[in-house]
Amino acid sequence: MRVTVLGYQSPYPGPGGATPGYWVETNEGKLLLDCGSGVLSRLGVYLPLYDLDALLLSHYHHDHVADVGVLQYGLMVHQLFGQRPADKPLPVYAPAFPEQQAKSLTYREATRFFPVDERSKLSIGDVHVSFLRTDHGDGDPCYAVRLEANGKTLVYGADSGPGTQWRGFVDQADLFICEGTYLDQNRPAKPNGHLSVRQAAELAQAHDCRSLLITHLFHGYEESNVLSQAEAFVAGPVHVARIGWQIEL
Ligand SMILES: [Zn+2]
Ligand SMILES: [Zn+2]
């Protein structure tokens, strides 16, 4: 399983940057996790978008879905050009709420919406997918995603405050992609549906993850500051997200 960071910034893309999007490729599957602002232009570096097998969306905040509309236009045009079968819409797996946004995920023959929740189990090619609702504040669901293929496990934590019940979901993940929205100096006094870098590292350590990728970062953060606040994670390597970062699990 190969994971490539297409975008990781939040709440908006810095110069030349992109908000969350991760491309996951296995022997039998090409998946996109989240589709933030600038993600499509980065995806094109690796594969034509008409080759995608599925899109998974954690939730509907703009930093995670901003490029979905242009993805739909793109697929429609590729179908018109004969590069993708006209009767092969891209499946989009996403929460059922807010309803209006869920409905917009079915677009002509380009994309087809499939609702997911904590009970959903998917098989996409050789990838087995399950979901966990995270503590992300505003009442609408947000789901972390666990991908298993060829004996390896990737957990994408999406957006998640400290109240998320990770036990049994993230334990011993080969890679945990975990948000570290705040550095110590700008962490709000009251939790607001996000984690700090320090909390991300503590969480990964508590659950024996084998490696950690800290993501969902403000584009102005210095990588050295992020790394220094991730000191609690000693069970394996810590990585700081950047565009084009890639790992083979
Ligand atoms: Zn969010
Ligand atoms: Zn976000």
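Everything quoted here is computed from the prediction, not taken from an experiment.

Re the side chain of His59
And step 1. Residue position: His59 is located in the loop between β4 (54-56) and α2 (62-65).
And step 2. Polar side-chain contacts of His59 include one of 3.4 Å to the side chain of His136.
And step 3. Apart from residues lying up to four places away in sequence, His59 is in contact with His64, Val65, Pro95, His136, Pro141, Cys142 and Asp159.

Re the pairing of strand β5 (residues 90-94)
And step 1. Among the 5 residues in β5, 5 count as buried, and that is most of the element.
And step 2. Here β5 shows a buried face lined by Leu90, Val92 and Ala94 and a second buried face lined by Pro91 and Tyr93.
And step 3. Inspection of the sheet shows β4 paired to β5 by 2 bridges, in the parallel sense. Bridging across to β5, Leu55 finds its partner in Val92.
And step 4. Note that β5 and strand β6 (residues 111-115) share 5 bridges and pair parallel. If you follow Val92 over to β6, its bridge partner there is Phe113.

Examining unusual backbone geometry
And step 1. With an omega dihedral of 5°, the bond running from Ser10 to Pro11 counts as a cis peptide bond.
And step 2. One can find Pro11 in the loop between β1 (2-7) and β2 (21-25).
And step 3. With omega at -5°, the peptide bond leading from Phe97 into Pro98 counts as cis.
And step 4. Take Pro98: it is sitting in the loop between β5 and α4 (99-103).
And step 5. At His216, a residue that is not glycine, the phi angle is positive and equals roughly 60°.
And step 6. Of note, His216 is situated in the loop between β12 (212-215) and α6 (223-228).
And step 7. On the accessibility criterion, His216 (4% relative accessible area) is buried.

Some remarks on helix α5 (residues 197-206)
And step 1. Considered for burial, the residues of α5 that qualify are Val197, Gln199, Ala200, Ala201, Leu203 and Ala204.
And step 2. On its buried side, α5 packs onto β11 (175-179), β12 and α6.

Description of the side chain of Asp63
And step 1. Structurally, Asp63 is set in helix α2.
And step 2. Summary of buried charges: Asp63 has no salt-bridge partner, and the nearest side chain of opposite charge, Arg133, is 16 Å away.
And step 3. In this structure the side chain of Asp63 is engaged in a polar contact, spanning 2.9 Å, whose partner is the side chain of Ser10.
And step 4. A polar atom in the side chain of Asp63 sits 3.1 Å from the side chain of His216.
And step 5. With residues up to four places along the chain from it excluded, the contact list for Asp63 reads Ser10, Pro11, Thr19, Pro20, Gly36, Ser37, Asp159 and His216.

Here's the deal with the coordination of the zinc ion (ligand 1)
And step 1. Coordination sphere of the zinc ion (ligand 1), protein contribution only: His59 (NE2), His61 (ND1), His136 (NE2) and Asp159 (OD), at 2.1 to 2.3 Å.
And step 2. One can describe the donor arrangement at the zinc ion (ligand 1) as irregular, given that its 4 donor atoms subtend angles of 92 to 170° at the metal.
And step 3. Positions of the donor residues of the zinc ion (ligand 1), expressed as sequence spacing, correspond to H-x1-H-x74-H-x22-D.
And step 4. In this structure, the zinc ion (ligand 1) is positioned 3.5 Å from the zinc ion (ligand 2), and both are ligated by Asp159.

What to know about the environment of Trp23
And step 1. Structurally, Trp23 can be placed in strand β2.
And step 2. Taking the relative accessible area as the measure of exposure, Trp23 reaches 3% and is therefore buried.
And step 3. When the C-alpha atoms of Trp23 and Leu33 are compared, they prove to be 6.4 Å apart, with 10 residues separating the residues in sequence.
And step 4. Non-local contacts of Trp23, meaning those with residues more than four positions away in its chain, are made with Arg2, Val3, Thr4, Leu6, Lys30, Leu31, Leu32, Leu43, Tyr46 and Leu47.

As for the nonpolar core
And step 1. In this structure, Leu56, Val129, Leu147, Leu154, Trp166, Leu175 and Phe176 are the most contacted members of the largest nonpolar core, which totals 57 residues.
And step 2. Dropping the residues within four chain positions of it, Trp166 is found in contact with Leu132, Thr134, Ala144, Val155, Gly157, Ser160, Asp171, Phe176, Leu203 and His207.
And step 3. Core analysis: the next-biggest nonpolar cluster, separate from the first, contains 25 residues, Trp23, Leu47, Leu52 and Leu71 among them.

So, how was this worked out
- Residues numbered from 1 in each chain as written.
- Chains lettered and ligands numbered in written order.
- Predicted model: local features only at pLDDT ≥ 70, side-chain atom pairs only at ≥ 80, totals over all residues.
- Heavy atoms only, no water.
- Helix = DSSP H or I, 4+ residues; strand = E, 2+ residues; numbered from the N terminus.
- Polar contact = N/O pair within 3.5 Å; in protein donor to acceptor, adjacent residues only side chain to side chain.
- Contact = heavy atoms within 4.5 Å.
- Buried < 20%, exposed > 50% of the residue type's maximum accessible area, 1.4 Å probe, protein only.
- Pairing = 2+ DSSP bridges.
- Lys, Arg positive; Asp, Glu negative; His and termini not counted.
- Salt bridge = Lys/Arg side-chain N within 4 Å of Asp/Glu carboxyl O.
- Donors = N, O, S within 2.8 Å, 3.2 Å for Na, K, Ca; no water.
- Tetrahedral: all angles 85-135°; square planar, octahedral: opposite > 155°, others 65-115°.
- Core = buried A, V, L, I, M, F, W, Y, C linked by side-chain atoms within 4.5 Å.

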